[in-house]
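Residue-level listing of the chains:
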Amino acid sequence: MTKGRYIGRDGHWAVFEVAERLGRLSAGIRIAMPERDMGRVALKGAQGYRLDRGWSIAPGGLEPPYEGRAREDLSGFSCPAVTVREGEGGVTLSTEGGLTAHVTLEPFGIAWHRPGESEPFLADRPTQAYAVSPRTGALQHFMLRHEGESHYGLGDKAGPVDHTGRRFRIDAVDPCGFDAELSDPLYKMVPFFIVDGPRGAHGVYYDNLAVAEVDLGCTIDNYHGLFRSYAAQDGDLDYTVLAGPGVPDVVRRFSWMVGGQAFPPKWTLGFATTSMAIADADDADAQIKDYIDRCQQEGIACSSFHFGSGYTSINGKRYAFNWNRSKFPDPAATMRRLKEAGMQPVTNLKPCLLDDHPRLAETLEGGFLVQDGDTGQPAVAQFWDGLGYHLDFTHPQGRAWWRNGLETALLDYGVTTVWNDNNEYEIWDEDALVNGDGRPYRQSLARPAQALLMTKLSHETQQARTPDKRIYAVTRGGCAGIARYGQSWTGDNETAWKTLRFNLAQGITMSLSGMYNTGHDVGGFHGPSPGPELFCRFVEFCSLWPRFVMNSWNNDGIVNLPWMHPEVLSQVREAMALRYRLMPYLYTQMWRAAAENEPVVRPTFYDFPGDPRCKGQDDVFLLGRDLLVAPVLEEGAVSRRIYLPQHPGGWHDFRTGEAFPGGEEITVEAPLGHLPVFVRAGAMVPVTGQLDRVDPASDSERSLLVFGEGEGEALLYEDDGDTMAWRESGLRLHVFRRKEGGETVLSLRTEGSHRPAFTEMKLQRVGPGTPVRTSDGEGILRL
């Protein structure tokens, strides 16, 4: 579609006709500027959109309804005034102080400029940038690519953080024991990528939930020069350009556009355990009781226990909303026992009903399973234990039935929350139809929307029962927007050494894609059970990610538990203690994720874009802006080489305070149980002495560790850890530092009405530096 003609304005949209030849196979391309730093392009065929709605766009948290948000709906955006100027061979769209789009009519293409920049930061390929197949419905978009550009994002993709030169399938499957370097696709469908290079950074998001492919320089074609492309099997070409100009600008803006990150209750940051083998066992209830007792004996702080799906089993097969009363004679008593031990119960739940499910007749009578369009019968899908049918979360009656199941089969027994699992909706029936809240559409147009709506429903069902509480929701599958409901993770990883290295990159990739509450299955989910060294390194590696859940289904049936290798139990405890000590800092970063769209975990180039050695540094990560975490990733290693980014004043070892210059590579000792962590010079890190639980009501000890010299500010966020009042009453403690008379002087400003269990913060200089005091000469900051 190479020839274009400007038609005129339609509200906030500028409308063009595009075609192979004008008057033949024409479609409309609509361009809008939702924000000064965002451009939107939507291709609308002669018969309209193939799917006229979406579920991912939620600017500033403006929640879409279950039936979806109309594709051309721009509510929630500021929609600045756009000036349109027609010229010879083209049209220019511009906003005051914002983006400019130069539209060339033949060959049709769009070039995007930031204010004051003569060169476009993003431009369509000058040769056939847009293509639509009238035969198959496939569509393509081609953009210019330049040497020296890096590419990030696309959700939970495997391999290095920089995807340049690779091609990825935007699809979702259940890849148990996947290779974290090579497997594709994985669980989530997020067609959003970031381009970073000499022209700065920008992002592109395609609001299309059909199966697609993103090519980031894998294809070389002499006739077209360097390019990258997006190609979808179906659906609509509807993309948003995010202007940057830095990677942080793009990441924060994308998170804002798709609804942000839910702020979880504080207990979810504690250590948790799950295992399929425990819930699958004939004596599952007894094993859970033993687990509770063993945690107390071994001094393991555990905040939640996640039930594998075995609690639903009948003759070894899994059936949603069923309790196996042989394994769990009194589910409510089991939940009480866990809560009394300080462990919140979380239950796995899958959206596929096997063809012999005890309650299948109810769903058939209601007609709220995903249907086969030809037969009018439920669409058949392969599942774990046989063939089955998927619940349709776009059907109001289906949602009501599922909500009733959540309430009566789980929440009424004392279950705290639901772990939405195996929700990739692998329904390969191309005739499958969903209800669409009364406006049916083909399932292939929006498979991951089912996972998003499943998680939305579980979140809202819990919220309705406890409207004053913050909700913890978990999902494995989904699309852009799932973070606004809760947590996800990298999935059923392989028990292998290389999993550590590439799960690290995968987690960073998820963070750059707007999923800030993430982590990994500690110890590896599938494969041989980990040996002592690998197990300990897994615990260290996972200990400073937001999600810290030990999950396994090992080939030999051995369950990953903290004490599985007694010879490294003390080292496992050490790694866990580090997490609990840093809980105030970690919790503050989670608050920033929810309040400011700031990722908790990020690559070093996020905060140090001017340091060329930070690009491609996939073996460390930043936790917030101040901590650099360098896990040991190689078998047999007892030390680590680490490149410390360029930073005035350098870096300090978290434990010893030893100073190191920035911009240099160092080697540090890293015996088992010792996770190398470095602190940016000038940072102040809040820590707690509460290492045996996560309980704000009794967390009465707070210290502030001071590293290096200079002036600056630290933020500590505190609240009750549980309620929805966090936006109004949460306490923000701003600590300011300055040099005065050869000493470091700290002062405190507070915002918010919450009063924590502690009333003061002890000041502690770590490593070399001037003495630390308050303006009153004390070593304590009083609230």
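Bear in mind that the values here come from a model prediction, so they are computed numbers and not experimental data. (Residues numbered from 1 in each chain as written. Predicted model: local features only at pLDDT ≥ 70, side-chain atom pairs only at ≥ 80, totals over all residues. Heavy atoms only, no water.)

Asks: Could you clarify how one ought to interpret the pairing of strand 51 (residues 731-740) in this entry?
Replies: When a strand is regular, its side chains alternate between the sheet's two faces. Of the strand pairs in this sheet, strand 50 (residues 712-718) and strand 51 are connected by seven bridges, and their pairing is antiparallel. Its bridge partner lying in strand 51, E718 is registered against L731. Taken together, the nine bridges between strand 51 and strand 52 (residues 743-751) define a ladder with antiparallel strand orientation. In the strand pairing of strand 52, H734 is matched with R749. Remark: two residues form the turn of the hairpin made by strand 51 and strand 52, two consecutive strands paired antiparallel; G741 in that turn has positive phi of roughly 60°. (Pairing = 2+ DSSP bridges. Helix = DSSP H or I, 4+ residues; strand = E, 2+ residues; numbered from the N terminus.)

Asks: What is the right way to read unusual backbone geometry from this model?
Replies: Leave glycine aside and you will find that most residues have negative phi; peptide bonds, for their part, are mostly trans. Along the chain, E106 connects to P107 via a cis peptide bond; the corresponding omega equals -5°. Relative to the elements of secondary structure, P107 occurs in the loop between strand 9 (100-105) and strand 10 (108-113). Note that the residue after D184, namely P185, is joined by a cis bond; omega there is 5°. Its place among the elements puts P185 in the loop between strand 15 (167-170) and strand 16 (188-189). Located in the positive-phi region is N315, a residue other than glycine, with phi close to 50°. Even without being glycine, Y425 reaches a positive phi, approximately 55°. Structurally, Y425 can be placed in the loop between strand 31 (417-420) and strand 32 (432-434).

Asks: What should I look at first to understand the pairing of strand 48 (residues 684-688) in this one?
Replies: When you tally the buried positions in strand 48, you get five out of five residues, the bulk of the element. Side chains M684, P686 and T688 project from strand 48 onto one buried face, and the interleaved V685 and V687 project onto a second face that is buried too. Across five bridges, strand 48 lies against strand 49 (residues 702-706) in antiparallel orientation. In the sheet register, M684 faces strand 49, and the bridge partner there is V706. (Buried < 20%, exposed > 50% of the residue type's maximum accessible area, 1.4 Å probe, protein only.)

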